[in-house]
Amino acid sequence: MIDRWFNIEPGTVVLESGLEWQSTWPTALLVTALVLGWAAIGWMHRSDRLDLSPGWRIVLGALRFAVLLVPFLILFQPSLAARLEKQQPRSLVFLLDQSKSMSVADDADGNATRFERARTALGALSLADNVNQETFAFDEALRSAEATLANLDPDGSTTSIGAALSQLSAELAGNPTAGVVLISDGRDLDQGQSPLAATRDLARLEIPVHTVLVGDPTPKDVAVQAHLEAQYAFVGDPVALRAHIDHNGYDDEVVSVTLADDQRVIASNDVVLPGEGESTSVTFELRPESSGEKAYRVEVLPAAGELTAANNTAEVNLQVIEQPIRVLYVERWPRWQYQFLRNAMQRDHRFEVQFVLLTEDPTTPDAERQAGTFPQTREELGAFDVFIFGDLAPQDVGVQQWEMVRELVVDEGVGLILIAGSQHMPHSFSETPIADLLPFDRVGVGGGDEGQSFRPRPTPLGELHPIMRMGFADPAATWKALPAMGWLVPIESLKPGAMVLAERPAAAGAGDPLIIVQRSGRGSVLFVGTDETWRWRYEVGNRYFYGFWAHAIQHTGMRHRVGEFQNVNITLASQQIVPGQGVGVTVAFDEVLAQQTGDRPEDVVVRAEPLDATGQTTEATVRSLPDAPLVFTGELRFDEPGSYRISVVGYEDAGETRVDVSAAEAFDAELALPTVNAALLQKIAELTGGRHVALDALPTLVNEMDLSPLRYRWSQRIALWDGWGMLSLLAVLLTVEWVLRKWLYLP
């Protein structure tokens, strides 16, 4: 009966039912009114015929009371009520990674692969009958796998956890779901869709994602990355190439690292890998023997038990030039600094130098003693890549020539080196056209603490700067061993963007600036606040003295010589690519850019834009190296061969690279690096309130989950007072009473 009254669907249970009164009137008031009504009925029947039998009196009284009772029932609002319950099973969704990285066996014996272990563990689960189990597989897309799980193979070309979770959130919207169990090694290669963004969609649906890690968190592996200290060099020039080595599982073991070009092995070093998985680096010295673009390859020979050697090789390209850097060196008088530097530069084929001494030089033959003349025209000055100005007086050169110098530095990128002197440089230049090229605003009085000798100390930034590398030894140790000097110009206020590379040590805190670099427009400015670097020749000749000055000239003049003014250099590990798979990319920030912008980010975004109809714009995040914070490495993916412009997002004006990439033999990024990404899986679980466990704990995870069905409870009421039934009852009672009264001849 209740089922028919309430139209109850199958599976719905009636917990309780009965009559309810829903009136908001006070019960006492309604009872009082009912008693008064009964009394009124008795009073109204006082004049009925006295000969009327008691039976008829009772019948008529009952009818009149019933007529009175119906309105009171309406006021009490009687309803038929029932409490109902329905249970709805919830779904438990399993998401199984089917990408190629799951085909890796995490031990050297090559036992069961990650995918085989995951499939076996999934198949061994036993869920209650009231739980709906749904199974999906994914690589770069999501697909149902309930009927095909036994036949699946880990052959997906790319792992996209973000795309799988995004598609799953659309599938599960509105469906009762107990949770999602993501079974994966966490190696996500999709640069376009963030797994964490898709995870937040599931968090908004209040669906927990439990992550199950498949694979060894620390597989035995060695990986190498490489970067050059300079992008350009002269034939025979020493160039530092640093190989950065990461490893897992090879603490304190020795690996062999080789450096080779296209023809031969150049060098080989045995490197002891640090304990606790720490990274290390090894520096090679390159000396290119001919000009042109040179490719170098660093390789770590595969170690015993290593799962893959695909990441044991890194390549870099070096542009080797023969054209000398053109230098204009101007001094007022032949001080020691000038004489030693002139003698060294005259023997260096890398520099084509015009020396201008504005006074007679008694140290030269009579035919050469006549004072030189400063170039007069912009065309003459524009023929140089670097200006070196010593202790000149502003009046030694015309105002127009100083303005030309400033324009060539700022607009054309000519380098400028200023060597301090006790007479004029830089004290006399605060009101000259080149004042804004000076990397400081104010100079102190005097020449420092005369008679107090000191050894210059590289700043932390200076230890990484190529100017400060006099060789391939530790820069700090090299500078500590230099002969002392006794004079410097006291600098009191640096300009924003000026970088101190070396200083005179102080008893506490920062010392006095000695060597300062600054970018001025397109040009680099180097200020050396002493004229005593010639003392570094003591007992060692030009090794350190000219080692420093050669690096300084190359740093300030190379950009103008080769026509490159980029603050950001971008190189690809290879210009042969496999569409859809990653290729190594290295980004090197100019230290001037980092200082001027104040940016030392941990990662940046690289963008490749097609220059022709083929290909699509793609982006990738690259991360800084621990021992080279201005060098970033990562992988960039190209969809099609073609011509691309590569730049760093947010730094587009600082430099770009244009490359032509062609198709190469298949290189599988999924198998290139076997490491798992437990941190990503753990973050996904945290964002949704789920748990993160290893594969062995999958049964425990499922057993501890609340998989009970959802219980929906609600109440239904059928109003008995609000309808035609009550009105019909009242009409019938009134009609019957009226008929009887007429039949009994009552008024």
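Look above for the structure.
Residues numbered from 1 in each chain as written. Predicted model: local features only at pLDDT ≥ 70, side-chain atom pairs only at ≥ 80, totals over all residues. Heavy atoms only, no water.

Caption draft 1: Just the sheet that holds strand β17 (residues 351-357), in detail. Within the open sheet, the 8 strands sit side by side as β17-β16-β18-β19-β25-β24-β23-β21. Their pairing is mixed. Where the open sheet ends on each side, the last strands, each with one partner, are β17 and β21 (457-458). Bridging between β21 and strand β23 (residues 499-504) involves 2 bridges; their strand directions are antiparallel. Bridge pairing in β23 links Pro 458 to Ala 502. Running at roughly 135° to strand β18 (residues 386-389), helix α9 (residues 399-412) makes contact with β18, β19 (415-419), β24 (512-520) and β25 (523-528) of the sheet. (Pairing = 2+ DSSP bridges. Helix = DSSP H or I, 4+ residues; strand = E, 2+ residues; numbered from the N terminus. Contact = heavy atoms within 4.5 Å. Axes fitted to C-alpha atoms, helices over the stretch in contact; angles between N-to-C directions.)

Caption draft 2: α9, seen in detail. Between its first and last C-alpha, α9 extends 19 Å over 14 residues, near the 20 Å set by a 1.5 Å rise per residue. Residues Gln 401, Trp 402, Met 404, Val 405, Leu 408, Val 409 and Val 410 constitute the buried set of α9. Once α9 ends, the next one or two residues include Gly 413, with phi positive near 85°. (Expected span 1.5 Å × (residues − 1). Buried < 20%, exposed > 50% of the residue type's maximum accessible area, 1.4 Å probe, protein only.)

Caption draft 3: How the structure looks around the packing of aromatic side chains. A full pass over the atoms with the stated rule returns 18 aromatic pairs. With a centroid separation of 5.7 Å and 90° between ring planes, the pair formed by Trp 536 and Phe 548 is classed as edge-to-face. Linking Trp 536 in the loop between β25 and α11 (542-562) with Phe 548 in helix α11, this pair joins segments that are 12 residues apart in sequence. Assigned by exposure class, Trp 536 and Phe 548 land together as buried. (Phe/Tyr/Trp six-rings, centres within 6.5 Å; stacked < 30°, edge-to-face > 60°.)

Caption draft 4: Looking closely at the nonpolar core. Of all hydrophobic cores here, the largest spans 42 residues; its most connected members are Phe 548 and Trp 549. Every residue in contact with Trp 549, bar those within four places of it in the chain, is listed here: Gln 337, Leu 341, Ile 417, Ile 419, Val 528 and Thr 533. Ranked by size, the runner-up nonpolar core spans 35 residues in total, among them Leu 392, Trp 402, Val 410 and Leu 437. (Core = buried A, V, L, I, M, F, W, Y, C linked by side-chain atoms within 4.5 Å.)

Caption draft 5: Looking closely at the pattern of salt bridges. What the rule picks out here adds up to 22 salt bridges. A salt bridge links Glu 412 to Arg 378, with the nearest nitrogen and oxygen atoms 3.7 Å apart. One end of the pair, Glu 412, is in helix α9; the other, Arg 378, is in helix α8 (residues 378-381), and 34 residues separate them in sequence. Judged by its relative accessible area of 34%, Glu 412 falls in the partly exposed class. With a relative accessible area of 34%, Arg 378 lands in the partly exposed category. (Salt bridge = Lys/Arg side-chain N within 4 Å of Asp/Glu carboxyl O.)

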